[in-house]
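Reading the structure
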Amino acid sequence: MIYICFNINPPMHISDGIIDTNICIAANVAAIGLVWVAGRKTPPGDVPKMGMTAAALFVASLIHFPLAGTSVHLGLFGVAGIILGKRAFPAVFAALLFQSLVFQHGGLVTLGVNSINMGAGALFAWLVWRIRRVNERVRAFLAGMLGVAVPVLLMVAEFRLSGYGSRILYLLGVYLLVAILEGFITLAAAGLFRRVRPEMLD
Amino acid sequence: MLKSTLLVFAAFIASGLTAAAHSINFEVERHAPAVSVHSYFTRTSPLAGASVVIYAPGEDQPYQTGRTDRRGFFVFVPSVAGDWVFEIDDERGHRDRLEISIDENFVRGVTGREELPEEEAEDHYAEPAEKETVSAARIPFFYRVVFGLALIFGITGVFYGIRAKQSASKTE
């Protein structure tokens, strides 16, 4: 069952045919609404930043590496959240749309569910990043961790609600390690931006 | 200027979309005497009930016709060595063609079973199935990454153009 659900390896993308179609349709409508809400009134100067972030997200999930006996990939949703804020959602949506079209990574029917899962990771990262009284390095690390942890928690909850067994919970263990790794990557990225382009973080 | 910029980015999108069509993937499993072809978009969305035509090497007339089962599988038994052609059409706009090479050994397993010594025949039939996965799009990974990025940058450019135009009209 795990094999069928995750197409060999356990990525964060849910394929078509796993979640109830009515839920998927509702999620697609909700995701398009969120794209509109988050993307409207975007200053023209932010658009290239959104495009670059979407491109980075698109490529990041294609780079797989072995971990804990399986193969995982990065998400960079924490980085997207701290750079774009709420506008990370349209970037995540665009990256997932083209991953689905070009690589059949995820599915078009589940695009909304996947976008909400991963977009929520970016939005939580942004919320953590906004807590200014906490040290910036701690915020960056937590943002990176939440960028992975939130999507995985949502995905596991969706699988459990769809009637899948408790074996799905093993993903939590695998992705806890990825979340820690993403925390360090986000920390490094935030440090780089602070030195090179500090305005991107403010 | 804005119009020409939008046109350039629209061209980016068009070039990406050409490659981003919903492509069919195949998994070919050979286990003498049969070849099984699993056709799917993703592991959980098979081409179920799709029309299949099999052509023997060098033949114009179909060797076998039929439909995939509900899980997207189709099985046929090649009779000669050579490049067999597997054509699939789901009659909803997705069709593709796959060449499957069959060698003499495989055919010996199919047609020459009685001629083979019993032990050899048993050995031959005991061989584990060979599995081969083929992406029907057959576009190399690198090009698909480039196409995906072209689409993203194309849409970014168009979105930028629209937002710039809206901002300019508000300023006026």
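No experiment lies behind these values; they were computed from the predicted model shown.

Thresholds, definitions, all that
- Residues numbered from 1 in each chain as written.
- Chains lettered and ligands numbered in written order.
- Predicted model: local features only at pLDDT ≥ 70, side-chain atom pairs only at ≥ 80, totals over all residues.
- Heavy atoms only, no water.
- Helix = DSSP H or I, 4+ residues; strand = E, 2+ residues; numbered from the N terminus.
- Buried < 20%, exposed > 50% of the residue type's maximum accessible area, 1.4 Å probe, protein only.
- Contact = heavy atoms within 4.5 Å.
- Areas by Shrake-Rupley, 256 points an atom, 1.4 Å probe, with all protein chains shown as cover.
- Buried area = accessible area lost by both parts, 1.4 Å probe.
- Salt bridge = Lys/Arg side-chain N within 4 Å of Asp/Glu carboxyl O.
- Polar contact = N/O pair within 3.5 Å; in protein donor to acceptor, adjacent residues only side chain to side chain.
- Nonpolar A, V, L, I, M, F, W, Y, C, P; charged D, E, K, R; others polar.
- Phe/Tyr/Trp six-rings, centres within 6.5 Å; stacked < 30°, edge-to-face > 60°.
- Lys NZ or Arg CZ within 6 Å of the ring centre and 35° of its normal.
- Axes fitted to C-alpha atoms, helices over the stretch in contact; angles between N-to-C directions.
- Parallel < 35°, antiparallel > 145°, perpendicular 65-115°, else oblique.
- Left-handed = near helix turned anticlockwise from the far one by under 90°.
- pLDDT = per-residue confidence, 0-100.
- Patch = residues over 30% accessible without salt bridge, like charges linked within 9 Å, V, L, I, M, F, W, Y side chains within 5 Å.
- Pairing = 2+ DSSP bridges.
- Expected span 1.5 Å × (residues − 1).
- Arc of directions from axis to C-beta.

1. Section: the overall build of chain A
Along the backbone of chain A there are eight helices and two strands. When the elements of chain A are put in sequence order from the N terminus, they spell out α-α-α-β-β-α-α-α-α-α. Per-residue burial over chain A gives 55% buried out of 202 residues. Considering only intrachain contacts with a sequence separation of at least 6, the fraction spanning at least 24 residues in chain A is 75%. With an accessible surface of roughly 8,700 Å², chain A has 69% of that area assigned to carbon and sulfur atoms.

2. Let's talk about the interface of chain B and chain A
Where interface size is quoted, it is often the accessible area lost as the parts come together. At the interface, 23 residues of chain B touch 27 residues of chain A. When the two sides are added together, the surface that chain B and chain A hide from each other amounts to roughly 2,200 Å², 73% of it contributed by carbon and sulfur. Linking chain B with chain A are zero salt bridges. Counting the contacts that link chain B with chain A gives two residue pairs in polar contact (both at pLDDT 80 or more). Residue assignment for the side of chain B that touches chain A shows that the elements contributing at least two residues are strand 2 (34-42) and helix 4 (141-171) of chain B. Looking at which element gives the most residues to the side of chain B that touches chain A, the answer is helix 4 of chain B, with 15 residues. The class makeup of the residues in the side of chain B that touches chain A is 13 nonpolar, seven polar and three charged.

3. Overview of the pattern of salt bridges
Going through the model one piece at a time under the given rule, you end up with five salt bridges over all chains. In this structure, the salt-bridge partner of A:Lys49 is A:Asp46, at a minimum N-O distance of 3.8 Å. Where B:Arg97 meets B:Glu87, a salt bridge forms, and the shortest distance between an N and an O atom there is 2.7 Å. One end of the pair, B:Arg97, is in strand 8 (residues 95-102); the other, B:Glu87, is in strand 7 (residues 82-89), with 10 residues separating them in the sequence.

4. Quick notes on the packing of aromatic side chains
All chains considered together, the criterion is met by six aromatic pairs over all chains. Ring plane angle 65° and centroid distance 6.2 Å describe the contact between B:Phe74 and B:Phe86, whose orientation is recorded as edge-to-face. Here B:Phe86 lies in strand 7 and B:Phe74 lies in strand 6 (residues 73-76), a separation of 12 residues in the sequence. For B:Phe86, a relative accessible area of 0% translates into the label buried. Linked through ring pairs, B:Phe26, B:Phe74 and B:Phe86 together constitute an aromatic cluster. Against the face of A:Trp129 rests A:Arg139, its NZ or CZ located 4.7 Å from the ring centre.

5. As for the packing of helix 4 (residues 77-84) of chain A against helix 6 (residues 111-129) of chain A
Residues and elements named next belong to chain A. The interhelical angle for the contact between helix 4 and helix 6, taken along N-to-C directions, is 55°, at an axis separation of 7 Å. As summarised for this structure, helix 4 and helix 6 are arranged oblique, according to the angle between their axes. Of the two elements, helix 4 crosses helix 6, and the hand of that crossing is right-handed. For the pair helix 4 and helix 6, the contacting residues are Phe77, Gly78, Gly81 and Ile82 in the first and Met118, Gly121, Ala122, Ala125, Trp126 and Trp129 in the second. Taken together, the residues of the contact of helix 4 with helix 6 break down into seven nonpolar, three polar and no charged.

6. What to know about the confidence of the model for chain A
Residue and element names in this part refer to chain A. For chain A, the average pLDDT comes to 85, and 92% of its residues sit at 70 or higher. Here helix 1 (residues 2-6) stands out as the element of chain A with the lowest mean pLDDT, 38, in contrast to helix 6, whose mean of 95 is the highest. Here residues 1-10 scores under 50 on pLDDT; set against residues more than four positions off or in separate chains, the count is 26 contacts.

7. Considering a nonpolar patch on the surface
A cluster of nonpolar side chains, contributed by A:Leu176, A:Leu177, A:Ile180 and A:Phe184, occupies part of the molecular surface with about 360 Å² of accessible area. When its relative accessible area of 48% is taken as the criterion, A:Phe184 is described as partly exposed.

8. Observations regarding the confidence of the model for chain B
Overall, the prediction assigns chain B a mean pLDDT of 76, with 66% of residues at 70 or greater. Here residues 16-21 of chain B is a poorly scored stretch, pLDDT under 50, and it has 10 contacts once near neighbours within four places are set aside; other chains count.

9. Looking at the sheet that holds strand 8 of chain B
Sheet strands line up and pair through hydrogen bonds in the backbone, either parallel or antiparallel. Residue and element names in this part refer to chain B. Strands sit in the order 5-4-7-8 across an open sheet of four strands; the sheet is antiparallel. Here the strands that pair on one side only, and so sit at the sheet edges, are strand 5 (64-67) and strand 8. Along the sheet, successive strands turn relative to each other by an average axial angle of 20°, direction set aside. Alignment of strand 4 (residues 51-55) against strand 5, held across four bridges, turns out to be antiparallel. Along strand 5, the bridge assignment pairs serine 51 with arginine 67.

10. Topic: helix 2 (residues 21-39) of chain A
All names here are of chain A. Along its 19 residues, helix 2 runs 26 Å from first to last C-alpha, staying within 8% of the 27 Å computed at 1.5 Å per residue. For helix 2, every residue scored as buried is listed here: Cys24, Ala27, Asn28, Ala31, Ala38 and Gly39. An end-on view of helix 2 places all buried positions within 110° of arc, on one side of the element. Exposed and facing more than 90 degrees away from the buried side of helix 2 are Asn22, Val29 and Trp36. With a side-chain oxygen positioned 3.1 Å from the backbone nitrogen of asparagine 22, the residue opening helix 2 is aspartate 20.

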